[in-house]
Amino acid sequence: IFAASDPVNLLDPLGPSATATFKNKGKIYVLGTELGGEVFVCPWLSAFGSWVFQDVEREDNSWENDISPKHKTTLGLSSDYKKLSSELFIQYVDTTAAPEERTGLADESGKVSPYWWTSARVGYAFNDHAEIGLTVYNLFHDLHKEQAAGQELGTRLVAQANVKF
């Protein structure tokens, strides 16, 4: 829980000042790992994959299950040819569960079923320091929820500009 005891003064010539107090309830233990790899098929094409495991336990039993899935997997292809880059990848997300206290939903409806989604990205590099890109997440419009009380997500389009310093 975050509590600000002083309002932030954005007009102060010395910069904004605020005092914050953090209050923790109980303890959380997180055990996780990620394994990944990449194989170069040819000079401009590579295949990649990763697996993530995360286990969350709470000492105070305030939430019996965390809202993070235990397993996530990604497999994909990546290409870089001259100034163009692209990726095509699929992701698997395991069951996500949250107790009624967290979602306000009955126990069974607090679960989100496992789902797969496919995404694609294209990019153009102007030079070594600047690139623009376009990513389409959930390419096949497979409606799913990432949280039990959340909205159904479909296809998302993200444009980006990257500048390296």
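Quick caveat: nothing in here was measured; it's all calculated off a predicted structure.

Trainee: How would you summarise the overall build of the chain if you had to cite specific residues and measurements?
Mentor: The helix and strand tally for the chain stands at one helix and eleven strands. Secondary structure of the chain in N-to-C order comes out as β-β-β-β-β-β-β-α-β-β-β-β. The buried share of the chain, reckoned over its 165 residues, is 22%. Contacts spanning at least 24 positions in sequence make up 44% of the contacts within the chain whose residues lie at least 6 apart.

Trainee: Summarise the pairing of strand β11 (residues 156–163); cite the residues concerned and give the values.
Mentor: With respect to burial, β11 is a largely exposed element, only zero of its eight residues being buried. For strand β10 (residues 130–137) and β11, the ladder comprises eight bridges, and the chain directions are antiparallel. Considered in β11, the bridge of Ala130 is made with Val163.

Trainee: Got a sec to walk through the layout of surface pockets? Specific residues and values, please.
Mentor: Its volume calculated, the second largest pocket comes out at about 200 Å³. In terms of lining, the second largest pocket is formed by 14 residues, of which the most central are Lys72, Gln91, Val93, Tyr115 and Trp117. Elements supplying a minimum of two residues to the lining of the second largest pocket: β4 (45–58), β5 (71–81), β6 (84–93) and β9 (115–125).

Trainee: With reference to specific residues and values, describe the environment of Ala130.
Mentor: Its place among the elements puts Ala130 in strand β10. Of the residues examined, Ala130 reaches a relative accessible area of 22% and is grouped as partly exposed. For Ala130 and Lys164, which are 34 residues apart along the polypeptide, the C-alpha to C-alpha distance reads 6.5 Å. Beyond its immediate stretch of four places on either side in the chain, Ala130 contacts Tyr124, Ala125 and Asn162.

Trainee: So what about the side chain of Thr118? Which residues, and what values?
Mentor: Looking at the element boundaries, Thr118 is found in strand β9. The class for Thr118 is buried, based on a relative accessible area of 15%. Those residues within four positions of Thr118 in sequence are excluded, and the remaining contacts are Leu88, Phe89, Ile90, Val136, Tyr137, Asn138, Leu139 and Phe140.

Trainee: Account for the environment of Val112, naming residues and giving values.
Mentor: Relative to the helices and strands, Val112 is located in strand β8 (residues 111–112). Residue Val112 is classed as buried on the basis of its relative accessible area, which comes to 7%. In this structure, the C-alpha to C-alpha distance between Val112 and Gly150, residues 38 residues apart in sequence, is 9.9 Å.

Trainee: I'd like a description of the confidence of the model for the chain, backed by residues and values.
Mentor: For the chain, the mean per-residue pLDDT works out to 79, and 69% of the residues sit at or above 70. Overall, residues 1–10 carries pLDDT values under 50, and its contacts beyond four positions in sequence, including any with other chains, amount to 21 contacts.

Trainee: Could you give an account of a nonpolar patch on the surface, naming the residues involved and the relevant values?
Mentor: Among the surface-exposed residues, Leu84, Tyr124, Phe126 and Ile132 lie close enough to one another that they form a single nonpolar patch of about 370 Å² accessible area. Mapped onto the elements, Tyr124 comes out in strand β9.

Trainee: An account of the packing of aromatic side chains is needed here, citing residue identities and associated values.
Mentor: Following the criterion strictly, the structure yields four aromatic pairs and no others. Ring centres of Trp51 and Phe53 lie 6.2 Å apart, and the angle between their planes is 25 degrees; on these two criteria the pair is classed as stacked. For Trp51, a relative accessible area of 31% translates into the label partly exposed. With 5.8 Å between their ring centres and 40 degrees between their planes, Trp117 and Tyr137 make a pair best called tilted. Taken as a pair, Trp117 in strand β9 and Tyr137 in strand β10 lie far apart in primary sequence, 20 residues in all. Overall, the relative accessible area of 27% leaves Tyr137 in the partly exposed class.

Cut-off values and rules
- Residues numbered from 1 in each chain as written.
- Predicted model: local features only at pLDDT ≥ 70, side-chain atom pairs only at ≥ 80, totals over all residues.
- Heavy atoms only, no water.
- Helix = DSSP H or I, 4+ residues; strand = E, 2+ residues; numbered from the N terminus.
- Buried < 20%, exposed > 50% of the residue type's maximum accessible area, 1.4 Å probe, protein only.
- Contact = heavy atoms within 4.5 Å.
- Pairing = 2+ DSSP bridges.
- 1 Å grid on protein atoms, 1.4 Å probe; cavity = no way out; pocket = protein on both sides within 12 Å on 5 of 7 lines; lining within 4 Å.
- Points joined across faces, edges and corners; volume = space filled by probe spheres on them.
- pLDDT = per-residue confidence, 0-100.
- Patch = residues over 30% accessible without salt bridge, like charges linked within 9 Å, V, L, I, M, F, W, Y side chains within 5 Å.
- Areas by Shrake-Rupley, 256 points an atom, 1.4 Å probe, with all protein chains shown as cover.
- Salt bridge = Lys/Arg side-chain N within 4 Å of Asp/Glu carboxyl O.
- Phe/Tyr/Trp six-rings, centres within 6.5 Å; stacked < 30°, edge-to-face > 60°.

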